[in-house]
Amino acid sequence: TVHERVDTFHDNDQKPIGYGRMLRKEDPRFVRGRGRFVDDIQLPGMLHLAILRSPVAHARIVAIDTSAAEASPGVKAVVTGAMLAQQGLAWMPTLSNDVQAVLATDKVRFQGQEVAFVVAEDRYAARDALELIDVEYDVLDPVIDARRALEPDAPVIRDDLEGKANNHCFDWETGDEAATAAVFARADVVVSQDLVYPRVHPAPMETCGAVADFDAVDGRLRLWSTTQAPHAHRTLYALVAGIPEHKIQVISPDIGGGFGNKVPIYPGYVCAIVASIVTGKPVKWMEDRSENLISTGFARDYIMRGEIAATRDGRILAIRTNVLADHGAFNGTAAPVKYPAGFFGVFTGSYDIEAAYCKMTAVYTNKAPGGVAYACSFRITEAVYLVERIVDCLADELGMDPAELRLKNFIRPEQFPYKTKTGWVYDSGNYEPTMRLAMDMAGYAELRREQEEKRARGELMGIGISFFTEAVGAGPRKNMDILGLGMADGCELRVHPTGKAVVRLSVQSQGQGHETTFAQIVAEEIGIPPADIEVLHGDTDNTPFGLGTYGSRSTPVSGAAAALVARKVRDKARIIASGMLEVSVADLEWEKGAFHVKGDPGKSVTIQDIAMRAHGAGDLPEGVEGGLEAQICYNPSNLTYPHGAYICVVDVDPGTAQVKVRRFIAVDDCGTRINPMIIEGQVHGGLTDGVGMALMEMIAFDEDGNCLGASLMDYLIPTALEVPDWETGFTVTPSPHHPIGAKGVGESATVGSPPAIVNAVVDALKPFGVRHADMPLTPSRVWDAMRGQARPP
Ligand code: CDP
């Protein structure tokens, strides 16, 4: 399929669909510093809100004295949990059907939890007054380790939940336990490995914040907020705050990175709304970096045991895993309701196996809530890490080359659509060419020779492979919803009389370039150049309803909506053209931007001519209303399943245990490519993220529950210095059900790269007998691994 569709859609690499590698339409405003982010919003009379946060991880609140803060200059209001409780607003639902404190009333349950807020004339007055609030805490033992959470004598964190006597959050399983056990029992080889995917943070450049403006006269709330899902947030505000939905406008302006961190509703947003209602003024709340790192949606925090069964000659038979999931103090995971463990069910990876089973237990701990899909489609990152690490462990056990082992076990092209043993239906894939291309680009055989020579000299060089299949583009709505909202997306297209157009999306870009790529999709379908198509998003008053941008779902869902709405407009344009050219609809042919009479290309009308006629004087064909516009809501029939082959080459300094990523080859297959330049940017960013997670990043806690990663001095994120020049390539296996064959790509690299890097480091350490070491592979961890010690994660 690869080459067929390449020929259909590609003139060459530069022109995948119509306008290919075009520069981003949104960049002129960003490079000139003219972006408009939440913190750029200034309203007349606007007040500022600051949040008092708990200094301890677990404590009963004995008393709060706000009198000194209230008397502080410039202060307009000081609000505590007890005051919110009087209005029934002290608790709010999370996106996972749990509840979370807006402001703590009874207890604080993690360091950094919201306890009270101050509204003042400026930011400084608000912050200064926080220090005058006197809170008396009765400190309790914290539960920091997920394993401790399950012990019978562990302190109960969620005693707010009626009858709750333990820290158990949920159990979940998938696959067939008995069938898997049977396969394991007869397998020649069984390998098991414990793995920890540490708690990491999406750490977007722009922290979270909001400006709330409640107009008491007409009961309207305008809320500018850093959200990846403005429509879903609006509905939830209506349900929680009791403000009628049509009176709420959520505006998500330019957003400085989301990566899943801006999916949940945070207490700060609700506080800003309450503050505006209380003071009658617009109120702004903006987090600082530490607040973002300690209190907003973290990711991962999975303790996993992976087991793999195979024949002696390397045929993988079954995969089994047991996971202990740390969900923090409140279950704030954002995932489709029926999938409490997100899409972890794809842990069978890209392999055709006989059986699979996963059992998961999730617990509460005294850490910030989250479990957000940090640059991945709901826990796929954890799943891919698990399978790609244990496949390497198996290769090690069998003494087989890890590339060869993968090639031997791939799902074959003729098996697609392929139903996995955990029930996922992979739409399309052709794995071997992708793998072979990555190996060719890397010069794989040559690299192995180089490694052998270096090993003989005592040098530590490692080659790591990861091959991933992602599942992106949630719905379909029949089995995917978030708090009852079906995972579909709307799109509206209006063509103005002069042939310029505006397309309105329900998804929301946080930097992915939607203003460009969505204009390209519409341009491809309707022949209006992208420069003449304005893309609007992020304003609930001005865009159709839909579930928003996360889990690489924009292109698979909203991108499909954009293509289909353009086709709907084109169908109407065809009828109008038939009137203009005085032929039947069947006698018309469409060629980029114009209809012409079959066999007579000279007789034609452009889409611009048709737009003018649709709005202009004169009759239209029988039954055709004026105007040239359409709206649809697209419910995907399946997810799309992009895949990729990544190869990483590292050198480890034997004296300092420092890892250097020397080369990284990434071949991605995201189906039809809309804008290769944007795809490369997405891949470069994701790979950089992967280096961060594999080598540097971890939100750690001390035994008292103090967050040790509360600033970018301690929570290390990668810079250009830590990453190599990325070597990217691609194959094209279109999605059979997406109207233009596109699959998502935004998160592929974040998902696929950590196992490639870890596999490379472990490969480098083979001479020391190392089979596994947990992320982040900092010099001290690598040093310990070389010396056969493992420190607790
Ligand atoms: O949902 P999100 O935008 O984060 O992820 P995505 O749908 O994978 O798209 C990320 C960016 O890459 C968007 O600008 C897409 O339009 C673009 N893209 C593309 O050009 N071709 C594809 N096949 C997939 C995405």
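Here, every reference points to the structure presented above.
This write-up is about the structure you can find in this document. Please read these numbers as outputs of a predicted model, since none were measured by experiment.

Re the side chain of Asn 292
Reasoning step 1: With respect to the element layout, Asn 292 can be found in helix 10 (residues 289-295).
Reasoning step 2: Since its relative accessible area comes to 0%, Asn 292 is described here as buried.
Reasoning step 3: Within the structure, the side chain of Asn 292 is placed 3.0 Å from the side chain of Glu 287, a separation counted as a polar contact.
Reasoning step 4: Non-local contacts of Asn 292, meaning those with residues more than four positions away in its chain, are made with His 201, Ala 203, Pro 204, Thr 207, Cys 208, Asn 261 and Glu 287.

Observations concerning the sheet that holds strand 26 (residues 588-591)
Reasoning step 1: The antiparallel open sheet is built from three strands, whose spatial order is 26-27-28. Bordering the open sheet on either side are strand 26 and strand 28 (600-606), each of which pairs with just one other strand. For this sheet the average axis-to-axis angle between neighbouring strands, irrespective of direction, equals 35°.
Reasoning step 2: Looking at chain direction, strand 26 and strand 27 (residues 594-597) are connected through four bridges and run antiparallel. Counted as the bridge partner of Glu 589 is His 596 from strand 27.

What about the state of the cysteines?
Reasoning step 1: Counting across every chain of the model gives zero disulfides.
Reasoning step 2: Free of any disulfide, Cys 169 has its nearest cysteine sulfur in Cys 358, 15 Å distant.
Reasoning step 3: Note on Cys 271: no disulfide assigned, nearest cysteine sulfur contributed by Cys 208 at a separation of 13 Å.

Brief notes about the pairing of strand 2 (residues 59-65)
Remember that side chains alternate between the two faces of the sheet whenever the strand is regular.
Reasoning step 1: The sheet contact formed by strand 2 and strand 6 (residues 107-108) spans two bridges and is antiparallel. Residue pairing in the sheet places Arg 60 in a bridge with Lys 107 of strand 6.
Reasoning step 2: In this sheet, strand 8 (residues 134-139) lies alongside strand 2 in antiparallel orientation, the contact comprising six bridges. What sits directly across from Asp 65, in strand 8, is Asp 134.

Examining helix 12 (residues 402-409)
Reasoning step 1: Burial runs high along helix 12: six of the eight residues are buried.
Reasoning step 2: Listing the buried residues of helix 12 in full gives Pro 402, Ala 403, Leu 405, Arg 406, Leu 407 and Asn 409.
Reasoning step 3: Summarising the contacts, the buried residues of helix 12 are in contact with strand 16 (316-326), helix 11 (380-398), helix 13 (431-442), helix 14 (444-456), strand 20 (460-469) and helix 19 (748-764).
Reasoning step 4: N-capping of helix 12 is provided by Asp 401, with a side-chain oxygen placed 2.7 Å from the backbone N of Ala 403.

Concerning the pattern of salt bridges
Reasoning step 1: On inspection of all chains with the given rule, the structure shows 55 salt bridges.
Reasoning step 2: With a closest N to O distance of 2.7 Å, Lys 454 and Glu 450 form a salt bridge. Of this pair, Lys 454 and Glu 450 both sit in helix 14, four residues apart, roughly one helical turn.
Reasoning step 3: Residues joined by salt bridges that share partners form a network here, namely Arg 60, Asp 98, Asp 106, Lys 107, Arg 109, Arg 158, Asp 159 and Asp 160.

Considering the sheet that holds strand 15 (residues 299-310)
Reasoning step 1: Strand order in the open sheet made by the five strands is 9-17-16-15-10, with mixed pairing throughout. The open sheet has two edge strands, strand 9 (168-175) and strand 10 (189-200), and neither has a second partner. Adjacent strand axes in the sheet meet at a mean angle of 10° when their direction is disregarded.
Reasoning step 2: Across nine bridges, the pairing between strand 15 and strand 16 is antiparallel.

Side note on the site of the ligand
Reasoning step 1: Taken together, 23 residues are adjacent to the ligand, and Gln 512, His 514, Ser 554, Thr 555 and Val 745 come closest.
Reasoning step 2: Residue Ser 554 places a side-chain N or O atom 2.7 Å away from an oxygen atom belonging to the ligand.
Reasoning step 3: A distance of 2.6 Å separates an oxygen atom of the ligand from a polar atom in the side chain of Thr 555.

Observations concerning the environment of Arg 148
Reasoning step 1: When you line up the elements, Arg 148 lands in helix 6 (residues 146-149).
Reasoning step 2: Sequence-wise, Arg 148 and Val 503 are 355 residues apart; in three dimensions their C-alpha atoms are separated by 52 Å.
Reasoning step 3: In contact with Arg 148, other than residues within four places in its own chain, are Val 143, Asp 153, Ala 154 and Pro 155.
Reasoning step 4: Of the polar contacts made by the side chain of Arg 148, one reaches the side chain of Glu 151; its length is 2.6 Å.

Some words on the packing of aromatic side chains
Reasoning step 1: If you walk through the whole model with that rule in mind, you get 24 aromatic pairs.
Reasoning step 2: Taken together, a centroid distance of 5.0 Å and an interplanar angle of 70° make the contact between Phe 343 and Phe 378 edge-to-face. Of the two residues, Phe 343 sits in the loop between strand 16 and strand 17 (355-363) while Phe 378 sits in the loop between strand 17 and helix 11, which places them 35 residues apart along the sequence. As far as the burial class goes, Phe 343 and Phe 378 line up, both buried.
Reasoning step 3: Seen from their ring centres, Phe 410 and Phe 467 are 4.4 Å apart, and the 50° between their planes marks the pair as tilted. Here Phe 410 is found in the loop between helix 12 and strand 18 (418-419), whereas its partner Phe 467 is found in strand 20, with 57 residues between them in sequence.
Reasoning step 4: With relative accessibility at 6%, the residue Phe 410 sits in the buried group.
Reasoning step 5: Aromatic ring contacts, followed pair by pair, group Tyr 339, Phe 343, Phe 378, Trp 424 and Tyr 550 into a single cluster.
Reasoning step 6: If you follow Arg 158 out to its NZ or CZ, it ends over the ring of Tyr 364, 5.0 Å from the centre.

Structural notes on the nonpolar core
Reasoning step 1: Among the nonpolar cores identified, the biggest contains 182 residues, and Phe 117, Phe 343, Phe 344, Trp 424, Phe 664 and Leu 695 are the most heavily contacted of them.
Reasoning step 2: Element by element, the count of residues in this core is highest for helix 11, at 12 residues.
Reasoning step 3: Not counting residues within four places of it along the chain, the set of residues in contact with Phe 664 comprises Tyr 646, Ile 647, Cys 648, Leu 687, Pro 724, Asp 725, Trp 726, Glu 727, Ser 753, Ala 756 and Ile 757.
Reasoning step 4: With 44 residues, the next largest nonpolar core counts Leu 505, Phe 518, Leu 628 and Tyr 634 among its residues.

What counts and how
Residues numbered from 1 in each chain as written. Predicted model: local features only at pLDDT ≥ 70, side-chain atom pairs only at ≥ 80, totals over all residues. Heavy atoms only, no water. Helix = DSSP H or I, 4+ residues; strand = E, 2+ residues; numbered from the N terminus. Buried < 20%, exposed > 50% of the residue type's maximum accessible area, 1.4 Å probe, protein only. Polar contact = N/O pair within 3.5 Å; in protein donor to acceptor, adjacent residues only side chain to side chain. Contact = heavy atoms within 4.5 Å. Pairing = 2+ DSSP bridges. Axes fitted to C-alpha atoms, helices over the stretch in contact; angles between N-to-C directions. Disulfide = S-S within 2.5 Å. Salt bridge = Lys/Arg side-chain N within 4 Å of Asp/Glu carboxyl O. Near = heavy atom within 4 Å. Phe/Tyr/Trp six-rings, centres within 6.5 Å; stacked < 30°, edge-to-face > 60°. Lys NZ or Arg CZ within 6 Å of the ring centre and 35° of its normal. Core = buried A, V, L, I, M, F, W, Y, C linked by side-chain atoms within 4.5 Å.

Everything listed here is a matter of coordinates, which is why it stays silent on function.
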